[in-house]
Number of protein chains: 2
Amino acid sequence: MKPKMTLKKIASELGLSISTVSKALKDDKDISQENRDKVQAFAKFYNYRPNSIALSLKNKKTKTIGVIIPEIVHHFFAKVISGIEEVANSKEYNVIIGVTNESLDKEAINMEMLIDGSIDGFIISLSKETLLKQNYIHLQEIQNRNIPIVMFDRVVDDIVCDKIIVDDREAGQMAVQKLVDIGCKKILLLTTMDYLNIGRLRTEGYKDALDINGIEYNEDLVIKIGELGDSDEEQRSLEDRINKVFDKHPDIDGIFGVNEIYAVTALNVARMRGLNVPDALSVIGFSDGILSKYARPHLTTVSQHGFQIGELAAQTLIDRLEKEEELPFTTQLIKTELIIRDSTRSTPILSK
Amino acid sequence: MKPKMTLKKIASELGLSISTVSKALKDDKDISQENRDKVQAFAKFYNYRPNSIALSLKNKKTKTIGVIIPEIVHHFFAKVISGIEEVANSKEYNVIIGVTNESLDKEAINMEMLIDGSIDGFIISLSKETLLKQNYIHLQEIQNRNIPIVMFDRVVDDIVCDKIIVDDREAGQMAVQKLVDIGCKKILLLTTMDYLNIGRLRTEGYKDALDINGIEYNEDLVIKIGELGDSDEEQRSLEDRINKVFDKHPDIDGIFGVNEIYAVTALNVARMRGLNVPDALSVIGFSDGILSKYARPHLTTVSQHGFQIGELAAQTLIDRLEKEEELPFTTQLIKTELIIRDSTRSTPILSK
DNA sequence: TTGTATGCGTTATCAT
DNA sequence: ATGATAACGCATACAA
């Protein structure tokens, strides 16, 4: 095993001073060619690498980004991390991940753990509990310490910082408009409780689309799901709720689910009821994840461009970190995209 | 904005020396109660937190774990990270993630970035390219520097270190045995190329099960998939290959896919051919991910306990990091579990 | 009871 | 052309 090399060791080994070695390593013209060569060869042989901790201490920069997310076993967040990693790596930044499991406490603890100088800035998507309780003292604490924050997706107005968001309202409208365009008259909405921005905004988009097309909003056709865990029971209860709505409104001809799971669940329920998708019923989901791709029929869905969001978040943070001037805070809106697959009719029903 | 607090500032502010402040903060009996109170109150008010970088430099420990994985948008790896996070957090460790995208170069670069003192140890699952090229110099370099490595899932004999592996061979055998038990006579195997341990071992398990049950191995019934990306074309080509095998062997009554995607793809193909699953054909997959849960019928699958693997990997690494003595290297085998859902018949066909 | 000095590894400023 | 010294923030052995 090779010993860890430090400037000190190289210096004493070569009979030079630490500062000479340091300069020689950077090929400083001050140092004689001979010594430069000697030092560099020695360093290379022993695989010398400057200790990044010492550098961090000296430079007061860690070149590390802290990423706080509610869940990692989740297609969208995983994609975002992917994008962050990509940009961060290309700029020689490391990425520390903290998972909150949708808990306010864990969010606060996770961030606490990192504000002791471990990271230069945060990229965060808030936990459900944080949004529900509207408790942001941990975020304010971060800002007091002048540590930059970039929020994405699950953002909040009370904190002033850079934000990257999906235009959820427009996305919802676009999806429902598509359903209307292909002839749907009675569209079931599967959404979340209102405290989740994403659900609320997509729901508003749903209403917008109905409005524009002169379709009356019917509360019966909206299912708001509180919590949906992995468990089979919760899954089944959602199926039950969908089934009940269908019992009462058998003429539903379109479904919009604000995430993949809702949409795929609806797809399965519809098929169990013997409804032909997409001929009798069209379905659109949200988040272009693995479920949408492998569902049968393949699910038409709104893509959120998670990777791109990650890239942009990292880029925004690093820009702020590295620019001298004070940059103004920005809110960047990422356009969504409707990915047409097989769960929506390709041609409108000809009505007359 | 509160200024960053340091011992130095507290000391000068309170007219004490740095070391007095340092001791007072740890409630050292050496220091007068009066000063202890004063310092602690002051520190609390200004929200003082010892700078972790300075501590790392002093202690030569970063309390940070580097995790290197091939992919993050992947259920199994995400689960493993979850498990690592859980244990790491509870022990006050941070987790830095590096994603290799299955590339040897990125694996080496990612690890290079971290061996400059940023982390205390690695947890890694090797990239496909690394396994294919069998190039481990970057790993040896790590070991030269005496940085502990824990490998999981995609491990390799040439590197001596702690390992956490799934008993893939046994798991494969168990799955196929289940198919045999419920009466399958002709079982199609969807597997990877042999250079991936996981595919090779599961394939061996398949053969084991056939052997034990006196069923002849038939090469026709084995589809080895080289690379399968996300793209629709690749997806379709797999479907084509499966279809061709079915054309030649319409009496296939069981399918074992070494991952979720293969199994779900097979499920879809079977259904397109009008085969009733599970009555005419039973299917078993691998990795208990989201696809298995939402596929119709719900997919019977081998669960790898990714979360548990992550927990164990982190625990093993931290143990080695914190114990004084030299621990012997261990290889821990995680048992898999067959999760019976609806893609397998519940009762054997009565043959006579 | 308090304070001084040293070292962790590096870079930069300022002698020599 | 080379080297001594200080500083980053902290802990600690040792002095006072």
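- As named in an unreviewed UniProt entry, chain A is LacI family transcriptional regulator, taken from Flagellimonas pelagia.

### With respect to the domain arrangement of chain A
Residue and element names in this part refer to chain A.
- Per the domain assignment, the segments making up chain A are domain 1 (7–50), domain 2 (62–166 + 305–334) and domain 3 (168–304).
- Placing the centre of domain 2 and that of domain 3 at their C-alpha centroids yields a distance of 30 Å.
- Contacts between the two partners involve 13 residues from domain 2, matched on the other side by eleven residues from domain 3.
- Between domain 2 and domain 3 lies a buried interface of about 1,100 Å² when both sides are counted; carbon and sulfur atoms form 54% of it.
- Linking domain 2 with domain 3 are four residue pairs in polar contact (both at pLDDT 80 or more), by the criterion used here.
- Taken together, the elements giving at least two residues each to the side of domain 2 that touches domain 3 come down to α5 (75–90), α7 (128–133) and α14 (306–322).
- Ranked by residue count, the leading element in the side of domain 2 that touches domain 3 is α7, at three residues.
- Looking at the side of domain 2 that touches domain 3 residue by residue, the classes come out as seven nonpolar, three polar and three charged.

### Considerations on empty space enclosed by the protein
- With the rule as written, the count across this model stands at two cavities of 30 Å³ or more.
- Counting only elements with at least two residues in the lining of the largest cavity, the list comes to α12 (260–272) and α13 (290–294) of chain A together with α12 (260–272) and α13 (290–294) of chain B.
- Here the residues of the lining of the largest cavity sort into ten nonpolar, two polar and four charged.
- Its volume calculated, the second largest cavity comes out at about 60 Å³.
- As for the second largest cavity, its lining consists of Lys2, Pro3, Lys4, Tyr46 and Asn47 of chain A together with Glu141, Asn144 and Arg145 of chain B.
- Looking at the lining of the second largest cavity residue by residue, the class counts come to two nonpolar, two polar and four charged.

Conventions and cut-offs
- Residues numbered from 1 in each chain as written.
- Chains lettered and ligands numbered in written order.
- Predicted model: local features only at pLDDT ≥ 70, side-chain atom pairs only at ≥ 80, totals over all residues.
- Heavy atoms only, no water.
- Domains from an automatic or database assignment.
- Contact = heavy atoms within 4.5 Å.
- Buried area = accessible area lost by both parts, 1.4 Å probe.
- Polar contact = N/O pair within 3.5 Å; in protein donor to acceptor, adjacent residues only side chain to side chain.
- Helix = DSSP H or I, 4+ residues; strand = E, 2+ residues; numbered from the N terminus.
- Nonpolar A, V, L, I, M, F, W, Y, C, P; charged D, E, K, R; others polar.
- 1 Å grid on protein atoms, 1.4 Å probe; cavity = no way out; pocket = protein on both sides within 12 Å on 5 of 7 lines; lining within 4 Å.
- Points joined across faces, edges and corners; volume = space filled by probe spheres on them.

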